[in-house]
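The residues making up each chain are set out below.
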Amino acid sequence: MEAMTNTVRGWIENPVKFARSHGVPLSPATDMANPEEQTHILIVEGFLLYNYPPLLDIFDKCYYIAIPYEECKRRRSARVYTVPDDPGLFDGHVWPMYLKHRRLMEDNGLNIDYVDGLKSKDEIYVQVYEDIQSNLLNRL
């Protein structure tokens, strides 16, 4: 987590330099645009990120895709693992830990936008994309 935090901070300091040093291709517009006029967006994904204090001050926007117990259990049981889950693992460990970490996340006081995980991937994408666009336009 510490290494990831340092990586994110490096990106925040200079997104273009960071991308170039990590071999990430840039759009042609990036080379031509004035750096002060550029908008760079970094998406950091992971369900425990909101429980790691050094990252809490970094995030400008937080989204949390939530699904109910029944759907989570159905999706988990549909996965194919090299080593399958032991019987009772979901109810005895996975779900209780999810609830614990979600409660900790909510206690951190972050402004989190909850997204309905029962929506399609396309619907979720459009919702988040439009929200980010709106936030960027309102900053101008």
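Residues numbered from 1 in each chain as written. Predicted model: local features only at pLDDT ≥ 70, side-chain atom pairs only at ≥ 80, totals over all residues. Heavy atoms only, no water.

### So, the overall build of the protein
Phase 1 of the analysis: Scanning the protein for helices and strands turns up 7 helices and 2 strands.
Phase 2 of the analysis: For the protein, the α and β elements follow one another from N to C terminus as α-α-α-α-β-α-α-β-α.
Phase 3 of the analysis: In terms of overall dimensions, the protein has a C-alpha envelope of 55 × 30 × 30 Å along the principal axes.
Phase 4 of the analysis: For the protein, the residues scored as buried account for 23% of the 140 residues in total.
Phase 5 of the analysis: As presented, the protein carries roughly 10,600 Å² of accessible surface, and 55% of it is formed by carbon and sulfur atoms.
Phase 6 of the analysis: Charged side chains in the protein number 15 positive and 21 negative. The centres of these two groups are separated by 4 Å. (Helix = DSSP H or I, 4+ residues; strand = E, 2+ residues; numbered from the N terminus. Buried < 20%, exposed > 50% of the residue type's maximum accessible area, 1.4 Å probe, protein only. Areas by Shrake-Rupley, 256 points an atom, 1.4 Å probe, with all protein chains shown as cover. Lys, Arg positive; Asp, Glu negative; His and termini not counted. Charge placed at Lys NZ, Arg CZ, Asp CG, Glu CD.)

### Regarding helix H5 (residues 69-78)
Phase 1 of the analysis: Every buried residue of H5 is listed here: Glu71, Cys72 and Arg76. Looking down the long axis of H5, one finds its buried residues gathered within 130° of arc, a one-sided arrangement. Exposed residues on H5 whose side chains face more than 90 degrees from its buried face are Glu70, Ser77 and Ala78.
Phase 2 of the analysis: Those residues of H5 that are buried are in contact with helix H6 (89-107). (Arc of directions from axis to C-beta. Contact = heavy atoms within 4.5 Å.)

### Observations concerning the packing of aromatic side chains
Each pair of aromatic rings is reported with the distance of its centres and the angle of its planes.
Phase 1 of the analysis: Applying the stated criterion across every chain yields a total of 7 aromatic pairs.
Phase 2 of the analysis: An angle of 65° between the planes, with centres 5.7 Å apart, marks the rings of Tyr64 and Tyr114 as edge-to-face. Of the two residues, Tyr64 is situated in strand E1 (residues 62-66) and Tyr114 in strand E2 (residues 112-116); the sequence distance between them amounts to 50 residues.
Phase 3 of the analysis: Here Tyr64 falls in the buried class, since its relative accessible area comes to 7%.
Phase 4 of the analysis: Accessibility expressed as a relative area gives 36% for Tyr114, which makes it partly exposed. (Phe/Tyr/Trp six-rings, centres within 6.5 Å; stacked < 30°, edge-to-face > 60°.)

### Comments concerning the packing of H5 against H6
Phase 1 of the analysis: With their axes 12 Å apart at the nearest point, H5 and H6 run at an angle of 115° to one another. If you check the angle between H5 and H6, you find them roughly perpendicular. Every pair of crossing elements has a handedness; the one defined by H5 and H6 is right-handed. Each of Tyr69, Cys72, Lys73 and Arg76 in H5 lies in contact with H6, whose residues at this interface are Leu89, Phe90, Asp91, Val94 and Trp95.
Phase 2 of the analysis: Across the contact of H5 with H6, the residue classes break down as 6 nonpolar, no polar and 3 charged. (Axes fitted to C-alpha atoms, helices over the stretch in contact; angles between N-to-C directions. Parallel < 35°, antiparallel > 145°, perpendicular 65-115°, else oblique. Left-handed = near helix turned anticlockwise from the far one by under 90°. Nonpolar A, V, L, I, M, F, W, Y, C, P; charged D, E, K, R; others polar.)

### Side note on the nonpolar core
Phase 1 of the analysis: Grouped together as the largest cluster of nonpolar side chains are 16 residues, with contacts concentrated most on Tyr50, Phe59, Tyr64 and Ile112.
Phase 2 of the analysis: Within the residue set of this core, elements represented by two or more residues are E1 and H6.
Phase 3 of the analysis: Here this core gets 4 residues from one element, more than from any other, and that element is H6. (Core = buried A, V, L, I, M, F, W, Y, C linked by side-chain atoms within 4.5 Å.)

### Quick look at the pattern of salt bridges
Oppositely charged side chains may form a pair once their charged atoms are brought near each other.
Phase 1 of the analysis: Under the criterion given, the structure shown has 7 salt bridges.
Phase 2 of the analysis: Note that Arg74 is salt-bridged to Glu71, the shortest N-O span being 2.6 Å. Within this pair, Arg74 and its partner Glu71 are both found in helix H5, separated by 3 residues, close to a single helical turn.
Phase 3 of the analysis: Overall, Arg74 belongs to the partly exposed group, its relative accessible area being 47%.
Phase 4 of the analysis: When the shortest N-O distance is used, the salt bridge between Glu106 and Arg102 registers 3.1 Å. (Salt bridge = Lys/Arg side-chain N within 4 Å of Asp/Glu carboxyl O.)

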